[in-house]
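This is what each chain is made of:
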Amino acid sequence: MADSTAGKKKEGIWETIKTVFWALVIAGIFRTLFFQPFWIPSGSMKDTLLIGDFLFVNKMAYGYSAVSCPFALCPISERILGSDPERGDVVVFRHPVRGVDFIKRVIGLPGDTIQMRGGRLWLNGEEVPVQPAGDFIEIKDQQGPQGLIPRCANDPVPQGGECVKPRFTETLPNGASHDVLNILDGWVADDTPTFTVPEGQYFFMGDNRDNSEDSRFPQQVGGLGFVPAKYLIGRADRIMFSSAGRSLLYFWTWRADRFLKAVN
């Protein structure tokens, strides 16, 4: 009787191990081929994406490469089943030098020329039109697990005060429009040389223009630079969940108005 009980226990443990194993395999396949979860850790994409937004990255949008697998283990040298991102897409990609995941907006396609002049974007020799869209206002307080403090156009602002940034709607040549924020006139990347995007690479910028480490900063000085297509992971399509607090357990900081919100 004791042997029978012990055998059933061993069989139960083995069944549990097999169940967990296959669940992990299925989850890994799903994450590799279809959707990858991504938390927004910084304010570089405000007000499109806020610190604490949680989204799934559509990995089918641009095909697959080595970075499609966890730890970049896919045995793929370039891309397979690939398609090109469109100007204005919000994309998660692997930083070509640091090996960490970034999220920014596609501004420049292969062959484009990009320049910032006086805080305004120039694309292929034409100024990209913007329209005032009111102020973006948030509370100046710690945000996310890292406790980041937002920068404000109206600084100095005390903790708990209203942090204001002028907001503009920028419309790209293909008709895609999105909000951009301005914190400081004359910021270091408000005036740049002209960048020409190489074949097979892309130029990315954050919507919070004065608080974004993006392609305006070359890799030679520790920046992002151009991003080759093989480092694209997927497109951000929709916010699934959002929390303004430093912990998900702080349910009173959940942003219910951002649940299932489309990313534009």
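Just so we're clear, the structure is a prediction, and the values are computed from it rather than from any experiment.

A. Expanded view of the overall build of the protein chain. Looking only at helices and strands, the protein chain has one helix and 15 strands in total. By sequence separation, contacts in the protein chain at least 24 residues apart represent 60% of the contacts at least 6 residues apart. Carbon and sulfur atoms make up 60% of the accessible area of the protein chain, which amounts to about 13,700 Å² in all.

B. Quick peek at the environment of Arg79. Looking at the secondary structure, you find Arg79 in the loop between strand S2 (53–58) and strand S3 (90–94). Each C-alpha atom, one on Arg79 and one on Tyr62, is 8.6 Å from the other, the two residues being 17 residues apart in sequence. Each residue touching Arg79, except ones within four places of it in the same chain, is listed here: Tyr62, Gly63, Tyr64, Ser65, Ala229, Lys230, Tyr231 and Leu232.

C. The sheet that holds strand S8 (residues 130–139), seen in detail. Pairing is antiparallel in the open sheet, where three strands are placed in the order S8-S9-S10. Of all strands in the sheet, those bounded by a partner on one side alone are S8 and strand S10 (177–181). Each strand axis lies, on average, 30 degrees off the axis of its neighbour in the sheet, ignoring direction.

D. Fine view of the side chain of Arg87. With respect to the secondary-structure elements, Arg87 resides in the loop between S2 and S3. Within the structure, Arg87 has its side chain in polar contact with the backbone oxygen of Ile107 (distance 3.1 Å).

Conventions we followed
- Residues numbered from 1 in each chain as written.
- Predicted model: local features only at pLDDT ≥ 70, side-chain atom pairs only at ≥ 80, totals over all residues.
- Heavy atoms only, no water.
- Helix = DSSP H or I, 4+ residues; strand = E, 2+ residues; numbered from the N terminus.
- Contact = heavy atoms within 4.5 Å.
- Areas by Shrake-Rupley, 256 points an atom, 1.4 Å probe, with all protein chains shown as cover.
- Pairing = 2+ DSSP bridges.
- Axes fitted to C-alpha atoms, helices over the stretch in contact; angles between N-to-C directions.
- Polar contact = N/O pair within 3.5 Å; in protein donor to acceptor, adjacent residues only side chain to side chain.

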